[in-house]
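# Notes for the structure review
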Amino acid sequence: MRLRLKSVLTATATCALAWTIPAAAQTTPTEAPAAIEALDPVKVRAVTIKDVDPALWVVKDEDTTVYLFGSIHILKPGLGWFDDGVKAAFDSSDQLVLELVEPPAGEAQALFGKLAMDQQGKTLRSKMNDADRAVYDAAMGKLGIPAPAFDPFEPWAAGITLSMVAMQKSGFDPNSGVEKQLTAAANAAKKPIAGLETMAFQLGVFDTLPESEQVAFLVETAKMIDDAGTSMDKMVDMWASAETESLGQLMNEGLTSRTLYDALLTKRNANWAKWISARMAKPGVTFIAVGAGHLAGPTSVPNLLPAYGLNATRVAY
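Criteria and thresholds
- Residues numbered from 1 in each chain as written.
- Predicted model: local features only at pLDDT ≥ 70, side-chain atom pairs only at ≥ 80, totals over all residues.
- Heavy atoms only, no water.
- Helix = DSSP H or I, 4+ residues; strand = E, 2+ residues; numbered from the N terminus.
- Contact = heavy atoms within 4.5 Å.
- Axes fitted to C-alpha atoms, helices over the stretch in contact; angles between N-to-C directions.
- Parallel < 35°, antiparallel > 145°, perpendicular 65-115°, else oblique.
- Left-handed = near helix turned anticlockwise from the far one by under 90°.
- Nonpolar A, V, L, I, M, F, W, Y, C, P; charged D, E, K, R; others polar.
- Buried < 20%, exposed > 50% of the residue type's maximum accessible area, 1.4 Å probe, protein only.
- Pairing = 2+ DSSP bridges.
- Phe/Tyr/Trp six-rings, centres within 6.5 Å; stacked < 30°, edge-to-face > 60°.
- Core = buried A, V, L, I, M, F, W, Y, C linked by side-chain atoms within 4.5 Å.

### Observations regarding the side chain of Ser300
Structurally, Ser300 is set in the loop between β7 (284-291) and α14 (301-304). The residues touching Ser300, leaving out its near neighbours within four places in the chain, are Asn269, His294 and Leu295.

### Structural notes on the packing of helix α7 (residues 155-169) against helix α10 (residues 211-223)
Helix packing for two helices is described by the angle between their axes and how far apart those axes are. α10 packs onto α7 with a crossing angle of 25 degrees between their chain directions and a minimal axis gap of 8 Å. Compared by their axis directions, α7 and α10 come out roughly parallel. Both α7 and α10 take part in a crossing whose hand is left-handed. Here Pro155, Trp156, Ala158, Gly159, Ile160, Leu162 and Ser163 of α7 lie close against α10, whose contacting residues are Gln214, Val215, Phe217, Leu218, Thr221 and Ala222. A per-class count over the contact of α7 with α10 returns 9 nonpolar, 4 polar and no charged.

### Quick look at the pairing of strand β3 (residues 64-71)
Among the 8 residues in β3, 8 count as buried, and that is most of the element. Going residue by residue along β3, you find Thr64, Val66, Leu68 and Gly70 tucked away on one face and Thr65, Tyr67, Phe69 and Ser71 tucked away on the opposite face as well. For strand β2 (residues 56-60) and β3, the ladder comprises 5 bridges, and the chain directions are antiparallel. Across the sheet, Trp57 pairs through a bridge with Leu68, a residue of β3. Taking the residues between adjacent antiparallel strands as the criterion, β2 and β3 are bridged by 3 residues. Strand direction decides the pairing type here: β3 and β7, joined by 8 bridges, are parallel. Note that in β7 the partner of Val66 across the bridge is Thr286.

### With respect to the sheet that holds strand β8 (residues 313-314)
Pairing is mixed across the open sheet formed by 6 strands, whose spatial order is β6-β5-β7-β3-β2-β8. Of all strands in the sheet, those with a lone pairing partner are β6 (193-195) and β8, marking the two edges. As paired strands, β2 and β8 are joined by 2 bridges and run antiparallel to one another. Bridge assignment links Trp57 to a residue of β8, and that residue is Arg314. The strands touched by helix α8 (residues 178-188) within the sheet are β3, β5 (95-98), β6 and β7, with β5 carrying the most contacts at an inclination of about 155 degrees.

### Quick look at the packing of aromatic side chains
Two measures describe an aromatic ring pair: the distance that separates the ring centres and the angle between the ring planes. One pass over the full model with this rule turns up 11 aromatic pairs. Between Phe69 and Trp81, the ring centres sit 5.5 Å apart and the planes meet at 25 degrees, which makes this aromatic pair stacked. Of this pair, Phe69 sits in strand β3 while Trp81 sits in the loop between β4 (79-80) and α4 (84-92); the two residues are 12 residues apart in sequence, bridging distant segments of the chain. Exposure class is identical for Phe69 and Trp81. Each is buried.

### Considerations on the packing of helix α5 (residues 105-116) against α7
Direction vectors running N to C along α5 and α7 enclose 130 degrees, while the axes themselves pass 9 Å from each other. Classified by the interaxial angle, the pair formed by α5 and α7 is oblique. Along the contact surface, α5 presents Phe112, Leu115 and Ala116, while α7 presents Trp156, Ala157 and Thr161. Its residues assigned to classes, the contact of α5 with α7 comprises 5 nonpolar, 1 polar and no charged.

### So, the nonpolar core
Core analysis: the largest hydrophobic core is formed by 73 residues, its most contacted members being Phe150, Leu162, Trp239 and Phe287. Among the elements that make up this core, the one with the highest residue count is α7 (9 residues). Val66, Leu68, Val97 and Leu196 belong to the second-largest nonpolar core, a separate cluster that totals 18 residues.

As C-alpha cells, this is what we get:
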C-alpha cells in the first residue's frame, strides 16, 4: 500500500480537518511551537481579487431548500468565491451548516494534545524504518523544524502538521479558508451555525487508523514536501473552476488506501446524505459547506442522495 501526496493534500484541504492546525499545534512538544510560530505570516498587500466560481448544488422540495457548497479548508488570499450565486444562496439561508463548529482555542489544543500524543511513550521516529526516517528527517529540516520535535506525536498528527506547515510556507492561509469566511459572515448576519461532526470525531478518524497506515501517510507527506504548494495550487484551480469530475478523479487516484478512503469519504458521506434526507422533512433554507472532496467522485454526497429519493442539481451562476 502506498499513499501519494495527492491523498495527503486532499485529506487536509478537501476531505477533513475543518479546523485550524496552527492553533492546535501550539501543544506541540519541545521546539516545534517556536518553529511553527516562526513561519512568516501570509502577507496580504494590495492583493488582486481573482473571481472564481466553485460548484454549488441545490436540493429542493415544496418547502425545503438545501444548498451544498464544496469548501477548501485552507486557501491563498485573493480568491473571490463568496459572491454571485454562492452569496445569494448563503444570504437566502436560515442556517449555516459546516463539517464542525470549531471549539474554543483552549479546548481544541487540549483535545489535539490528548489524541495526538502517543500514550505508550513510543517515539514517532522509532516507528519508522531507517529509510523512511531519513526521508522524514530531511523534510523536517527543509521546514526548519528539528527532527525530534514531533517524537511524542502519533504518525497521523505529525503527517497532518507537516503538510499544513508546508502549505502555509507556500502561501496558503487558514484564515482565508472557506469555513473561516462563512463563519464570519454568518456571525455578522446572526445566522445560527451547526456542525455535522465534532473535532473529536474528525481527529478520531485519523487516530483510529492502523499504525502502518499512519506511518505511510506521514512518510508520503515527507517525500513530497517540496511539491506541496504546486500540488495544492492545481487542486485549488480545479475547485475554483468547478471541475468536479477532475477533482473526483484526483480523489480516486490519490487515495490509494481503501482504509483511508472509506474513513475520510465513504462513511462520512453516507452519514451526511442521511442527515440531508432528515433535514428535508423540515421547512426552511440551509446552506451546507463541506470539503469539496465530499461532493466529487462515485461515493460523493450528491451521488448518494437518490437512494433517499432526492436529487442534487448544479446551480448555474
